[in-house]
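Geometric and topological summary
This is what each chain is made of:
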Amino acid sequence: MLEITRIRTAKDELVEGLKKRGVDYSEKLDEVIQLDEKWRSKKAERESIQSESNKLSKSIGQLFKEGKAEEANAAKERSAELKTQEHALKEEVNELETQIQHLLYEIPNVPQSIVPAGVSEDDNEVVEEHGSKPTFSFDPKPHWELANELETIDFELGVKVTGAGFPFFTGKGAKLQRGLINFFLDEADKAGYTEYIPPLVVNEASGIGTGQLPDKEGQMYHVVEDDLYLIPTSEVPLTNIYRDSIIKDEGFSIKMTGYTPCFRREAGSYGKDVRGLNRLHQFDKVELVRVEHPDRSEKALEEMVDHVKVLLEKLELQYRVLRLCGGDLGFTSAITYDFEVYSAAQERWLEVSSVSLFETFQANRLKLRFKGEDKKTQLCHTLNGSALALPRIVAALMENHQNEDGSITIPEALRGHVGFDKI
RNA sequence: GGAGAAAUGGCAGAGCGGUUGAAUGCACCGGUCUUGAAAACCGGCAUACCGAGAGGUAUCGGGGGUUCGAAUCCCUCUUUCUCCGCCA
């Protein structure tokens, strides 16, 4: 959610920035400004009536004490009048607040200046490509075939027990999952992130805090009976730890990590995009979440990008880094770097990580602030990034490290964690 | 799931219809004293919003109500604790 003071003071700049998303928000922002003006004047009006009413009440108390019942009763009548007025104004003010709130929920974050304009993924900017695509002396098989032959992942069993998009991992396939999770968590630990095991379901307030709600509830599984949501990423519970809080220390830097399964409804997906492990309703992910001082958030973003690069290099995977264009940028993000690994058999790039800086956009909704030297409270910056999402990593590992005899070689760095060097 | 009790500032804890945004203690910050520290004493110390400012308004778990006036009374929701039941 954009800060209203920012909209008031720098509207043109925001409109310009938002154009990179391919949408003109000037009318919406104007509407916000107009409603906000009205809101402030109504609020002032209401408060002056409240003020008068408060004073009157005090004097009534005084009059009764002094035994001046008649005067007191006259004041009571006046007080009742004020009350009627105050009630009407209260409703107007509340109505305006709701309207403003709804409008603000519809306005996405403003892309940073280096974010390219664009409307689709074709406009994303490749900022780095690492390694060369693997070559084979034989026809590499897609991971779903390998998984079937090696009995590491059972998609059909998942369909039977739950439905499409909920595979079983078995034997060495399951151990590989466990090893990867440990590997990622250990790397995060070494980089100074505190590990959390958060709840896998969250309440509505948390969904709003990180921007999944309102309007994007289609992405999440909703437990209607208890009004709770299955998390689509551990970003939600981790970031919401700091909802409604004020950090006292000026030099803070909060670094959290957590492994969780993630649940996504992903309505409307089809075809090769959802084949095998490419897109699941339930998948495992290790996430990094940071809360930073605005002056240090850029550096934090760089650190996170570097962290992900190292992971992919240790896994001996070819990857590229994309700076997402305005149109492809998430609603809450100011800048996002996507990491894609090359899948040798599918001959396509698969997204395995997304590292984003939200600036104050989430913090504003979360009411996540810090108190600086000057005693002023101001909004923190939040960041997060996957490090990493498992399924596509597994797909790439299987496809890119497959051997002619149908086996798969486990990268050196992972062997200690999975306990074997081949599948 | 059943029965009770409770929710007040960073913490502890008063207040139970009228100058109470809230006593008191601890913690914290500033000062006096001291060679320095401790102690003692003095002062300060919640959050949000509106306002150029003076100042105003709101907030005693959340929401609603009664009343001229609510931290105090009523309703409701949430949470916590105790007891009983069930259970990994």
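Each remark here, short or long, concerns the structure printed above.
In what follows, the accompanying structure is described. (Residues numbered from 1 in each chain as written. Chains lettered and ligands numbered in written order. Predicted model: local features only at pLDDT ≥ 70, side-chain atom pairs only at ≥ 80, totals over all residues. Heavy atoms only, no water.)

1. What about the pattern of salt bridges?
A complete count under the given rule lists 22 salt bridges for this structure. A salt bridge links E187 to K190; the shortest N-O distance between them is 3.3 Å. With E187 and K190 both in helix 7 (residues 172-190) and 3 residues apart, the pair spans about one turn of that helix. For E187, a relative accessible area of 10% corresponds to the buried category. Taking relative accessible area as the criterion, K190 reaches 64% and is therefore assigned exposed. Between E340 and R320 there is a salt bridge, with the nearest N and O atoms lying 2.8 Å from each other. Pair noted here: E340 is in strand 12 (residues 335-343) and R320 is in strand 11 (residues 319-323), with a separation of 20 residues, a long-range link. Since its relative accessible area comes to 12%, E340 is described here as buried. Overlapping salt bridges, with partners in common, bring together R290, E292, K299 and E303 in one network. (Salt bridge = Lys/Arg side-chain N within 4 Å of Asp/Glu carboxyl O. Helix = DSSP H or I, 4+ residues; strand = E, 2+ residues; numbered from the N terminus. Buried < 20%, exposed > 50% of the residue type's maximum accessible area, 1.4 Å probe, protein only.)

2. A look at the sheet that holds strand 5 (residues 201-202)
Strands sit in the order 5-7-6 across an open sheet of 3 strands; the sheet is antiparallel. What marks the edges here is a single partner per strand, and that holds for strand 5 and strand 6 (222-223). Of the pairings in the sheet, the one linking strand 5 to strand 7 (residues 228-230) comprises 2 bridges and is antiparallel in character. Bridging across to strand 7, V201 finds its partner in L230. (Pairing = 2+ DSSP bridges.)

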